[in-house]
2 protein chains.
Amino acid sequence: MPDGLGAPLSEPLFERAALIGIGLIGSSLAHACRRKGLARAIVAADASPAVRETVRKLAIADEVAETAAAGVEGADLVILCAPVGAMGAIAEEIAPHLKPGAIVSDVGSVKASIIGAVAPHLPLGVHFIPGHPVAGTEQSGPTAGFATLFLNRWTILTPPEGTDPKALARLSAFWTAAGANVEVMAPAHHDLVLAITSHVPHLIAYNIVGTAADLEEVTRSEVIKFSAGGFRDFTRIAASDPTMWRDVFLNNKEAVLEMLGRFNEDLTALQRMIRRDDGQGLFDLFTRTRAIRRGIIEQGQETAAPDFGRRTGEN
Amino acid sequence: MPDGLGAPLSEPLFERAALIGIGLIGSSLAHACRRKGLARAIVAADASPAVRETVRKLAIADEVAETAAAGVEGADLVILCAPVGAMGAIAEEIAPHLKPGAIVSDVGSVKASIIGAVAPHLPLGVHFIPGHPVAGTEQSGPTAGFATLFLNRWTILTPPEGTDPKALARLSAFWTAAGANVEVMAPAHHDLVLAITSHVPHLIAYNIVGTAADLEEVTRSEVIKFSAGGFRDFTRIAASDPTMWRDVFLNNKEAVLEMLGRFNEDLTALQRMIRRDDGQGLFDLFTRTRAIRRGIIEQGQETAAPDFGRRTGEN
């Protein structure tokens, strides 16, 4: 079955791509690089011996490096795929080893704080272009990756002012070849957009699953049995990697608190409608929210199959 | 491909099953009745001429009745499948036409208020056993139904004290044959359990989609493009039928407000952790919530495939 990624490139875009941190995103990038021939050599580095061993077994990289510093030697593309909170230390470690002219990017879910943590360490003569592929699953670790993770998803790049247009074009071409659509944005705006489209949704999903787990009147077994009423949809994203998400909230605090404030105001209004039997107000909101899903389906960001297509083949 | 429902019954459980209100649940029940031979005749009634026309075209019932009163004539099983707010009026309408000894049930998502609205109208000599199949998709209307909607899902029955055990056994057998697991519960407990597993999840999904739609700093186009970061999961249940959900909130007000209060307390605590940089508190919560999803998957209430299996065949 064709996977939608098209034929490999006739010439690789990079000689040597170093992926630092091999979880869901790092391993998916390795798969995509290999599948599309994006780099002549793929180097994978990870601080965990167990992860390195898995990467070797999966054979998703041409070389496996024990340290980030060793991994970036000679690389003309370096992508940091570690949790947001680890980026600063990695930047400090790799700085003296970066090849002049290399493009350094990342895949972190927040941008302003990563730029603050990474940029000061990097030497002149490398091109730092932060990035964020808006793609993922609730699975984590090096075995979770697959080549089509970025297909038809958006990757946001947040190049600093004065970025070399050629370097930006090259990094864009890389993501495009991996199947993604590329959008360029200011870091602060990225952080606000992702606060509402990703961070606050994760927060309230974690929150309701926590609330349900703590109830005394309703047992955990009941929560599980009757989860098909809607609850189980929330448990998917509340199963995402805890370290990654802790770092996201600590590093996009202002935008998350701002959006959470809006969410809370709206929820209070909704609560008031229920208390006051405002059926018309409820109906109006519940009608208005359908349009957004239609847009998401029309733009290929979601399946149109009922129930996420969970029941394929049943109908 | 086998659909998992098994062979039809050798003898129907009911002579004449009347389904009153043909939306997602009513049409799925018609399909399931037909597929499993649960009733010798299936009668579908709906107040809307357009829906009746669709039911005729789909040929999912043996007879189509114009009114609920006509629909229940001679039926030994009557299932009310209308929105919660319409149940009382339907009960009043059908009461004089019910066959003595008939079982009257419903599929409403709340139970205490439906019992209050329906029971006073029903004549002595019929068995009123309220029910709620915890199953659904975000689609609505008579074309949305399918025979396996209830397969491996739970149906909750809330029989009043003194219910005839034979009638209860017969209705349980009906749901079991339709593929469901049956649980018996008190109405008030049902309403509390569903408040946390279904009603509050829907409320906060509607709420965040509304919040996102109203932002000025982030455009609707950006919300749609970057929805794969988590937001799109919420849009599925926020696309559910507005009339049905308005009625649920108006009719399960106390339990919803109670559970919403807990959710809000927990969210305030979470907000405080973010503001105070309490990484350990965040990490602990995010770790704890994974166990619930594992339980849901282990008990067959959810797919284990990443991303709900949206990307089947890609990996």
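Residues numbered from 1 in each chain as written. Chains lettered and ligands numbered in written order. Predicted model: local features only at pLDDT ≥ 70, side-chain atom pairs only at ≥ 80, totals over all residues.

What to know about the sheet that holds strand β2 (residues 39-45) of chain B
All names here are of chain B.
Part 1: Within the open sheet, the 6 strands sit side by side as β3-β2-β1-β4-β5-β6. Their pairing is parallel. Where the open sheet ends on each side, the last strands, each with one partner, are β3 (63-65) and β6 (127-128).
Part 2: By the bridge criterion, 4 bridges tie strand β4 (residues 77-80) to strand β5 (residues 103-106) in an arrangement that is parallel. Note on β5: the bridge partner recorded for Leu80 is Asp106.
Part 3: Across the face of the sheet, helix α1 (residues 24-36) comes into contact with β1 (14-20), β2 and β4 while running at roughly 165° to β2. (Pairing = 2+ DSSP bridges. Helix = DSSP H or I, 4+ residues; strand = E, 2+ residues; numbered from the N terminus. Contact = placed C-beta atoms within 7 Å. Axes fitted to C-alpha atoms, helices over the stretch in contact; angles between N-to-C directions.)

Structural notes on the environment of A:Ala32
Residue and element names in this part refer to chain A.
Part 1: Inspection of the secondary structure puts Ala32 in helix α1 (residues 24-36).
Part 2: Residue classification places Ala32 among the buried positions, given that 26 C-beta atoms sit within 10 Å.
Part 3: Those residues in contact with Ala32 that lie beyond four places of it in its chain are Leu38, Ala147, Phe150 and Ala178. (Buried ≥ 20, exposed ≤ 12 C-beta atoms within 10 Å, placed from the backbone.)

Some points on the domain arrangement of chain A
All names here are of chain A.
Part 1: On domain assignment, one finds that chain A holds domain 1 (14-185) and domain 2 (189-303).
Part 2: Taken together, the contact pairs 15 residues of domain 1 with 18 residues of domain 2.
Part 3: Of the residues in the side of domain 1 that touches domain 2, the class split is 6 nonpolar, 7 polar and 2 charged. (Domains from an automatic or database assignment. Nonpolar A, V, L, I, M, F, W, Y, C, P; charged D, E, K, R; others polar.)

Quick notes on the sheet that holds strand β8 (residues 154-157) of chain A
One key point about sheets: their strands pair by backbone hydrogen bonds, in either a parallel or an antiparallel sense.
Residue and element names in this part refer to chain A.
Part 1: Overall, mixed pairing links the 3 strands, which are arranged β7-β8-β9 in an open sheet. For this open sheet the edge positions go to β7 (131-134) and β9 (181-184), each flanked by a neighbour on one side alone. The sheet shows a mean angle of 20° between the axes of neighbouring strands, taken without regard to direction.
Part 2: As judged from the 4 bridges shared by β7 and β8, these two strands associate in the antiparallel manner. By the bridge assignment, Gly131 is partnered in β8 with Leu157.

Comments concerning the interface of chain A and chain B
Part 1: Contact residues are listed per partner, giving 98 residues for chain A and 97 residues for chain B.
Part 2: When contributions to the side of chain A that touches chain B are tallied by element, the ones reaching two or more residues are α7 (187-214), α8 (220-225), α9 (231-237), α10 (242-251), α11 (253-275), α12 (279-288) and α13 (290-298) of chain A.
Part 3: When its residues are assigned to classes, the side of chain A that touches chain B shows 49 nonpolar, 26 polar and 23 charged.

A look at α13(A)
Part 1: For α13(A), the full list of buried residues reads A:Ile292, A:Arg293 and A:Ile296. Across the axial projection of α13(A), the buried residues extend over an arc of 100°, all falling on one side.
Part 2: Buried residues along α13(A) sit against α7 (187-214), α8 (220-225) and α9 (231-237) of chain B.
Part 3: Taken from the residues just after α13(A), A:Gly300 is the one with a positive phi, measuring 70°. (Arc of directions from axis to C-beta.)

Considerations on helix α10 (residues 242-251) of chain B
Part 1: Burial of α10(B) is extensive: 8 of the 10 residues sit out of reach of the surface.
Part 2: Buried within α10(B) we find B:Pro242, B:Met244, B:Trp245, B:Arg246, B:Asp247, B:Val248, B:Phe249 and B:Asn251.
Part 3: Those residues of α10(B) that are buried are in contact with α11 and α12 of chain A together with α5 (112-118), α7 and α11 (253-275) of chain B.

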